[in-house]
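Results of the structural survey
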Amino acid sequence: MALTAVSAHTTDHQGFGGISLSIHRAESVAILGLDAAGKSLFCRILSGDEPLSSGSLRVGGCEVPAPPESRDHPCRDVGLVESSGDLPARLSVIDNVTRAQVRTRGMSPILATERARALLARVEMLAEARTVAGKLSNDQRRLVQIARALALTPRLLVMDDPTGELGPSTGRLIADVVREATREGTAVVLATDDLTLVREAASRVIVVGAGRIVEDQPAADFFLRPGTPQARDILARLARADVEPEAEPEAEPDAVPDAVSGVAEG
């Protein structure tokens, strides 16, 4: 995947200007940045869902999104898992994963179901295959979103805040899924504040801020020697957030006994 001199801006003036970047097959890249750094916008640029003011984005040699005259599906080589994304509530889990395979890939329903079951097993959701999506927990919905994105065998999988507000066990499972996807040759981009996920699943870290890339280096080097003041600040802030203890619940007042031992009633 290659971004070349890309600029993109939203109506609220958030944006990126003139960024160039390459992401290689089987690479897992974490995108870090403080609030309002534009991580979600960066994900939409990579997935082809954000119009570019200038520059180009190519995945596997194909332009994303495809030109209007192209018959290709605009983002057929890119899978996107959005933090705010959801699933059609009335469809079953298995139908959520098979539908896009049949509609956009032309896969037979039998083969689509086989692939969907394999991916649901990978994200530990096969037991819920016939459950309607509207009855799933937040953690379960995120796992099904990931299975749905992987079902289309994307060259590039873009995940926006994949572990946000999810339980630790789900976070560990997502890290496992990312590692497995890269072993199969998929490039994965993780826009996240979760340093545990970055340590476990990312091979490279890119720090964004003020509409530009401020640091880009191997993940191991980033944690040992962040190279810019912005990167050091982000690492320190996210590390503090990772270790801040949750507020302890207020202790319940001791119950008052009905009668004090050794004192006769009445």
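Residues numbered from 1 in each chain as written. Predicted model: local features only at pLDDT ≥ 70, side-chain atom pairs only at ≥ 80, totals over all residues. Heavy atoms only, no water.

What follows deals with the overall build of the protein. For the protein, the count of helices and strands is eight helices and ten strands. Across the 266 residues in the protein, those meeting the buried criterion constitute 45%. Counted over contacts in the protein with a minimum sequence separation of 6, partners at least 24 positions apart contribute 66%. (Helix = DSSP H or I, 4+ residues; strand = E, 2+ residues; numbered from the N terminus. Buried < 20%, exposed > 50% of the residue type's maximum accessible area, 1.4 Å probe, protein only. Contact = heavy atoms within 4.5 Å.)

A separate point is the sheet that holds strand 7 (residues 156–160). Spatial ordering of the open sheet is given by 6-7-8-3-9-10, a layout of six strands whose pairing is mixed. Strand pairing shows two members of the sheet lacking a second neighbour, strand 6 (78–81) and strand 10 (212–218), which therefore form its edges. Pairwise comparison of adjacent strand axes, ignoring direction, gives a mean angle of 15° for this sheet. Judged from the four bridges that link them, strand 3 (residues 28–32) and strand 9 (residues 204–209) form a sheet pairing that is parallel. Bridging from a neighbouring strand, Ala30 pairs with Val205 of strand 9. Packed onto the sheet, helix 1 (residues 39–47) meets strand 3, strand 6, strand 7, strand 8 (187–191) and strand 9 and runs at close to 155° relative to strand 7. With respect to the sheet, helix 5 (residues 168–183) is in contact with strand 3, strand 7 and strand 8, its orientation differing from that of strand 8 by roughly 150°. (Pairing = 2+ DSSP bridges. Axes fitted to C-alpha atoms, helices over the stretch in contact; angles between N-to-C directions.)

Taking 1.5 Å per residue as the helical rise, helix 5 with its 16 residues ought to reach 22 Å, and the 23 Å between its terminal C-alpha atoms agrees with that figure. For helix 5, every residue scored as buried is listed here: Thr170, Gly171, Leu173, Ile174, Ala175, Val177, Val178, Ala181 and Thr182. For helix 5, the secondary structure elements touched by its buried residues are strand 3, helix 3 (109–122), helix 4 (138–151), strand 7, strand 8 and helix 6 (195–201). With its phi angle positive at about 105°, Gly185 sits one or two positions after the end of helix 5. (Expected span 1.5 Å × (residues − 1).)

Successive side chains on a regular strand alternate, one facing one side of the sheet and the next facing the other. Bridge analysis of strand 9 against strand 10 gives six bridges, and the strand direction is antiparallel. Paired with Val205 across the strands is Gln217, a residue of strand 10. Between strand 9 and strand 10, which follow one another and run antiparallel, lie two residues, and Ala210 among them has a positive phi close to 55°.

In this fold, Val198 is placed in helix 6. A C-alpha to C-alpha distance of 7.7 Å links Val198 and Ala219, two positions 21 residues apart in sequence. Among all residues touching Val198, those that are not within four sequence positions of it are Ala30, Leu32, Thr192, Val205 and Phe223.

This next bit is on helix 2 (residues 93–105). Taking 1.5 Å as the rise per residue, helix 2 with 13 residues should run 18 Å; its terminal C-alpha atoms sit 19 Å apart, in good agreement. Against the buried residues of helix 2 lie helix 3 and helix 4. Downstream of helix 2 by one or two residues, Gly106 has phi in the positive range, about 70°.

Enumeration over the complete set of coordinates arrives at two aromatic pairs. Summarising the aromatic geometry, the rings of Phe16 and Phe42 are spaced 5.3 Å apart at their centres and angled 70° between planes, so their arrangement reads as edge-to-face. In this pair, Phe16 sits in strand 2 (residues 15–22) while Phe42 sits in helix 1, placing the two residues 26 residues apart along the sequence. No difference in accessibility class separates Phe16 from Phe42, as the two residues are buried. (Phe/Tyr/Trp six-rings, centres within 6.5 Å; stacked < 30°, edge-to-face > 60°.)

So, on to the sheet that holds strand 2. In space, the four strands of this open sheet follow the order 2-1-4-5, with antiparallel pairing throughout. Lying at the two open borders of the sheet, with one neighbouring strand each, are strand 2 and strand 5 (62–63). Two elements, strand 4 (residues 54–59) and strand 5, share two bridges in a ladder whose sense is antiparallel. Within strand 5, the residue paired with Arg58 across the bridge is Glu63.

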